[in-house]
Every structure is written in structure tokens, then in C-alpha cells.
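Report on the structure
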Amino acid sequence: MDFTEIYKQTASLVSFSPGTHFLLTAVQDRLIVRRSDSFQIARTWQVDSTPSPTSAAVASTNKSRARTEENAWITHAGWSCDSEYVLGASAKTGVVCVFKLRDETWKARFEAGSEGLLKAEWAPDGRTVLCFSEWGLRVTMWSLVTGAATYVQYPIHPDRGYAFRQDARYFVLAERHKSKDTLGVYDAQEAYRLVRHFPLPTSSLASVSLSPTGNCLAIWEGPLEYKLYVVSLSGNVLGTFSPEPDPGFGIRMVTWHPSGMFLAVAGSDDKVHVLEGLTWNPIATLELPTRAPAGVHVWREPSGWLEATHGRGFLSYERIQAPFTLPTSSSQVRSKNPRSTTSTRSASNATSTASTRGHSGTTQLAFSTSGRLLLVRSASMPTAVLLYDFPLPSSSTPSDSASSQRSRRSTTPLVPRLRTVLLHTQPVTAARWNPDPGRAGRLAVACASQSVYLWSDEWVSEPTSQAEGRGASAPRTQPAREDDEDEGDTDVAECVGVPAREEVRDARCPLGSGWKGDDTPGRGNVLLRIRGGGRRAGRPSAGALA
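Counting its secondary structure elements, the chain contains 6 helices and 43 strands. In the chain, which comprises 546 residues, the share counted as buried stands at 50%. Considering only residue pairs separated by 6 or more positions, the chain has 50% of its internal contacts joining residues 24 or more positions apart. Roughly 25,700 Å² of accessible area belongs to the chain as shown, and the carbon and sulfur atoms make up 50% of that amount.

This is how it looks when you write it as C-alpha cells:
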């Protein structure tokens, strides 16, 4: 794995262009576009963050909004879907600037009024900019084609209360009118014309999640009630889910299976409920294990490997024989005070138990691109990443009739099985699947350390006669099959030292074509460091995860 030099950035604003030919970074009040093959600067613009007269008048009466150098920095940046335009926004000054990659002199500027600016991003068509105001007052859709603006009042959540259908035709927005939750469906191809508007069964909506098929929407209550509804875009309630007994706290994570056939739901009780898409009833419940049973592949980060390799190592995880007791946050607290007295130990245990209850529950749910693997992370096991095998109904094709798919699904029991556990020295801060469908079984993990961790299920053992003198593994030419005799040979877990003084906190993969001279998508990684001084862009070899 090769590493480039360090490039400056602020606010972790880094993104590949949709074609991955360019890399966009924001440095204070300037946007910089680099070529992803040579990292040479292709374009650079300075965002004019001079506030509008209205914003300036509001800021003059509000000391917290007094203009400083940092207030002019870029807070949001992104590419249009065709890589033609670049967006840069300064939320604190209420200014959004749009630039054209092929014409360095062209630019557009939008100014927020007294309602302020909280967030700005591209719509899927690449010609409309969505601007969310402060205090949930409204969302504005600015069109680059007509120059007109469309306003929708009272969105509930600017970060998790809306969604676009995959074909970019409809925009779904959760709204709150007269103290009641409602949902608006807007036609994005007709200047966001209102198509449907109906009340929701929730009393305090927490978030929405649109299915990959775009036919239905998952909505759920706030943190005090564990209840989820599945509604159609016409307003019909298709299903309701609330576990028994009531866990006492609300839902924390919801994720759709890539096929839209299943829905995974998790809360603060360290249980993952898998709902099926016909009756929306649970077909499986995964409980966070405290002990890895026999047959599970347990990989542990080697102790002190960063110091031994001076941060430039490329080392495999240690393989631990199951069954094995998994470390939890409470057990780690107890292990740090082995000589404490009985009273001190009981007090510390009570404190750790209280803190565990306050910070427990599932923190991440993520299906792989193929949908055959489910990643689970929990606050009770901050250093662990759990990977479950998620079997799919046998060879269902889109040409099958609905009745045949229903009968096949009813006769094929779906039982997710814990397959792999990855254990680390530091708490996990980010875990991301490779977005390329051809490399769906590859995972990148960051732990706020000077390293990145890679896992893959696309390796198999060579025959003994071929493996002698070359190691025990070789790259798999095709994805792993469920009927492999020894699935342990399909797992590869590696620790990669990053030659940087700051810690790697996140890893991002490009979606689309790869680096220059490489037609394979998802081959490049951007590693985000914990401090705002810079970034490393990783360029892995053919056998590494990207």
C-alpha cells in the first residue's frame, strides 16, 4: 500500500467526484480540486462569504454571530451528480456559492435571509441546491437552470428527515404542521410540485428511511418509545413493529437490506430485529453475544505492533480459537483496577454500569453492497466489530412472480449467523464497506490510531503443492460461496500502519471508476486524520481493500 503526501483540509470536507477522476477538499474559505491520478491542483476557488445585508443586520445585533475569520470558513462542500459543478457553503454567514469545473469564471451565489442557513447540499439531478434554514423554518430548492426558488415550510429534521427516491423523481420530506407530524411527497422533475401530503402516525418523529425500491418508507418514534411504522408513499400504514417486552428506550439504528426485502432495527437493548417485507413481522432477533461460540472467526489486533513496526507495518490480525469471551466496556473498566478494595470496586462497578446504560445500544448497522453480510457495532463493545452472515432466499430473480417469491421466502428460513469478530485495542470510530458490488466483501475500519484495518472474505487457500514457498493464501478470483468447506480460509484481516503523526479517524472510498490506469472501482482510500491539519490519500495494491 502506497501513501501520498499530506494535504491540508478543514472540517473533514473531502469527496471524490462521481467519476473519481477528481478529489475535492476545502481549506478554510477555499475549494481545491485535485486530479486523483497525480494529485495536482486542477481548479481552486475562493468562496465569497460576505454576508447579505439581512444577515449582516442580524449579526450586528447578535454577539454570537459576530464575524470572525473562522465564521467565513466553508462548512459544506460537494459535487453535482455529473461532476460539472462544485458547491461550497458557509453556514455561519448564510452564503452558498456554486462553481463550474469547465469554466473557471462562471459562478452562482445564493444568500440566506434572516432565517439563516444550517445545511446546503446537492439534489440528485445536479442542477438544484437544497438549503435548510435554522430553527426548522423552511427548506429552499434553488434551481441553477431557471434561477427560481421553491420553498417548503417546517421540515422536522434537516439531517435525517428527508429522502430522494433512487430514480430522483420524488422528494420525501417529514414536516410538522399544527404540532402534528406530516409527510410531503414532491415531484422533483416538476419544480418540486406537491404530489401528496398526509399525516403520520408518529407523535414525535425521530427519522425516516426510504426503501431501496422506493415503494415504502420506514419512520419511527423519538428516544422514549420503541415503535416503528412502515408507510407507503400514498399514506397507507403497511406495518407496525414494537418488541415485547418494551425495552424502555427508543430506536437507535434502522437500515434497509439492499434488495428492500428486509429491514434491520436496533435500539439501546443490544438487540437487532430483522423484519421481512411482506408482513413486516420479525423473522430473526440477534442478541449481542458476550461469548463467541465455536465456529466463529475471532481476529484480534496484535498488541504493540505499531511501536514494533514504527507505524509502517503491514501485519495480520491474531487468530483466536473460539469459544472466546468478548471484551465489554464494563469488563475493561474492571480490568484497569485489579487492586481496588471491595467498596471501591463496587462503587466503580456501579458507576460503569450507570455509564454503560447511558451509552449502551447499537451504534452502527450496515449491510454490505451484496446484502450477504451485516455489520453490527455496539457501545457495550466499543472495540469490536461483529459481522453476520445474512443468507438470502435461494436464487430469486426479478422475473419470478410475486407468489413464487412469497412461497420461496416462506419455505426458506432466514437465520443470520455470527461469522467474524474483529477486536481492536482502541474503540472503533468508523467502519465502511467497499461500495463496489464486485468487492462487496471488503471492509475498512478506523480506530483513531495511526493505522487502518482491513478485512476481506475474498481469499481462499491454495493447494499445498502451489502454496509452498509463497504463503498460505492467494486472492480469490470469484466471491466466496456459502458452501465452502472451510470458511476460515476466506477471511483475511490485516493491520496497516499509516505514516502520519495524527490518528486516522475515518476512511472513505470512491464510488465509481478507480485510479488512473485502473478500471476497477473502489481502489482508492482517503484517510481522515483526527486533527484538522491534513489528510492522507491511500493508494492500495491490487490485493488490499479500498
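With respect to topology, 4 strands assemble into an open sheet ordered S14-S15-S16-S17, the strand pairing being antiparallel. Either end of the sheet is taken by a strand with one partner, and the two such strands are strand S14 (162–164) and strand S17 (193–199). Averaged over all adjacent pairs, the angle separating strand axes in this sheet is 20 degrees, with direction ignored. Of the strand pairs in this sheet, strand S15 (residues 170–177) and strand S16 (residues 180–187) are connected by 8 bridges, and their pairing is antiparallel. Across the sheet, the residue bridging to Arg176 is Asp181, located in S16.

Per the counting criterion, the structure on display carries 18 aromatic pairs. A centroid spacing of 5.5 Å and a plane angle of 75 degrees characterise the contact between Phe262 and Phe390, whose relative ring orientation is edge-to-face. Remark: Phe390 occurs in the loop between strand S33 (381–389) and helix H5 (402–411) and Phe262 occurs in strand S23 (residues 262–267); sequence separation between them is 128 residues. Here Phe262 and Phe390 have matching classes, each one buried. What links up through ring pairs into an aromatic cluster is the set Phe132, Tyr162, Phe164, Phe171, Tyr186 and Tyr192. Sitting above the plane of the Trp299 ring, Arg319 keeps its charged end 5.1 Å from the centroid.

Another point: the sheet that holds strand S4 (residues 30–35). Pairing between the strands of a sheet is mediated by backbone hydrogen bonds and can be parallel or antiparallel. What the 4 strands build is an open sheet, ordered S2-S3-S4-S5; its pairing is antiparallel. The open sheet terminates on both sides in strands that have one partner only, identified here as strand S2 (14–16) and strand S5 (41–46). In this sheet, neighbouring strand axes are inclined to one another by 15 degrees on average, regardless of whether the strands run parallel or antiparallel. Pairing analysis gives 3 bridges linking S2 to strand S3 (residues 22–27), with the strands arranged antiparallel. Within the sheet, the bridge partner assigned to Val14 lies in S3 and is Thr25.

This part is about the environment of Pro243. Its location among the elements puts Pro243 in the loop between strand S21 (237–241) and strand S22 (251–256). On the accessibility criterion, Pro243 (7% relative accessible area) is buried. For the pair Pro243 and Lys227, spaced 16 residues apart in sequence, the C-alpha separation works out to 8.0 Å. If sequence neighbours within four positions are ignored, Pro243 has contacts with Tyr226 and His273.

This next bit is on the side chain of Ser133. By the element assignment, Ser133 lies in the loop between strand S11 (128–132) and strand S12 (138–143). A polar side-chain atom of Ser133 sits 3.5 Å from the main-chain amide nitrogen of Leu137. Within polar-contact distance, the side chain of Ser133 engages the backbone nitrogen of Arg138 at 3.0 Å. If sequence neighbours within four positions are ignored, Ser133 has contacts with Glu115, Gly116, Leu117, Leu118 and Arg138.

Turning next to the pairing of strand S18 (residues 205–210). Burial analysis of S18 places 6 of its 6 residues in the buried class, which makes it a mostly covered element. Note that S18 and strand S19 (residues 216–221) share 5 bridges and pair antiparallel. Paired with Leu205 across the bridge in S19 is Glu221. Between S18 and the antiparallel strand that follows it, S19, lie 5 residues; Gly214 among them carries a positive phi value of about 80 degrees.

By the secondary structure assignment, Pro247 is in the loop between S21 and S22. Classification of Pro247 as partly exposed rests on a relative accessible area of 27%. Linking Pro247 and Leu224, residues 23 residues apart in sequence, is a C-alpha distance of 9.8 Å. Sequence-distant contacts of Pro247, defined by excluding residues within four places in its chain, comprise Tyr226 and Asp269.

Further remarks concern the confidence of the model for the chain. Mean pLDDT over the chain: 81, with 75% of residues reaching 70 or higher. The model gives residues 337–358 a pLDDT under 50, and that stretch makes 6 contacts with residues more than four places away or in other chains.

Turning next to the pattern of salt bridges. This model, assessed by the stated rule, comprises 20 salt bridges. Note that Glu318 and Arg300 form a salt bridge whose closest N and O atoms lie 3.6 Å from each other. Residue Glu318 is located in strand S29 (residues 318–320), and its partner Arg300 is located in strand S27 (residues 297–300); the two are separated by 18 residues in the primary sequence. Here Arg417 and Asp389 are joined by a salt bridge, their closest N and O atoms 3.0 Å apart. Of this pair, Arg417 sits in strand S34 (residues 417–423) while Asp389 sits in strand S33, placing them 28 residues apart in sequence.

For the bond from Glu244 to Pro245, the omega torsion is -5 degrees, close enough to zero to count as cis. One can find Pro245 in the loop between S21 and S22. Along the chain, Ala322 connects to Pro323 via a cis peptide bond; the corresponding omega equals 5 degrees. If you trace the backbone, Pro323 turns up in the loop between S29 and strand S30 (324–325). Even without being a glycine, Ser12 presents a positive backbone phi close to 55 degrees.

Rules used throughout
Residues numbered from 1 in each chain as written. Predicted model: local features only at pLDDT ≥ 70, side-chain atom pairs only at ≥ 80, totals over all residues. Heavy atoms only, no water. Helix = DSSP H or I, 4+ residues; strand = E, 2+ residues; numbered from the N terminus. Buried < 20%, exposed > 50% of the residue type's maximum accessible area, 1.4 Å probe, protein only. Contact = heavy atoms within 4.5 Å. Areas by Shrake-Rupley, 256 points an atom, 1.4 Å probe, with all protein chains shown as cover. Pairing = 2+ DSSP bridges. Axes fitted to C-alpha atoms, helices over the stretch in contact; angles between N-to-C directions. Phe/Tyr/Trp six-rings, centres within 6.5 Å; stacked < 30°, edge-to-face > 60°. Lys NZ or Arg CZ within 6 Å of the ring centre and 35° of its normal. Polar contact = N/O pair within 3.5 Å; in protein donor to acceptor, adjacent residues only side chain to side chain. pLDDT = per-residue confidence, 0-100. Salt bridge = Lys/Arg side-chain N within 4 Å of Asp/Glu carboxyl O.

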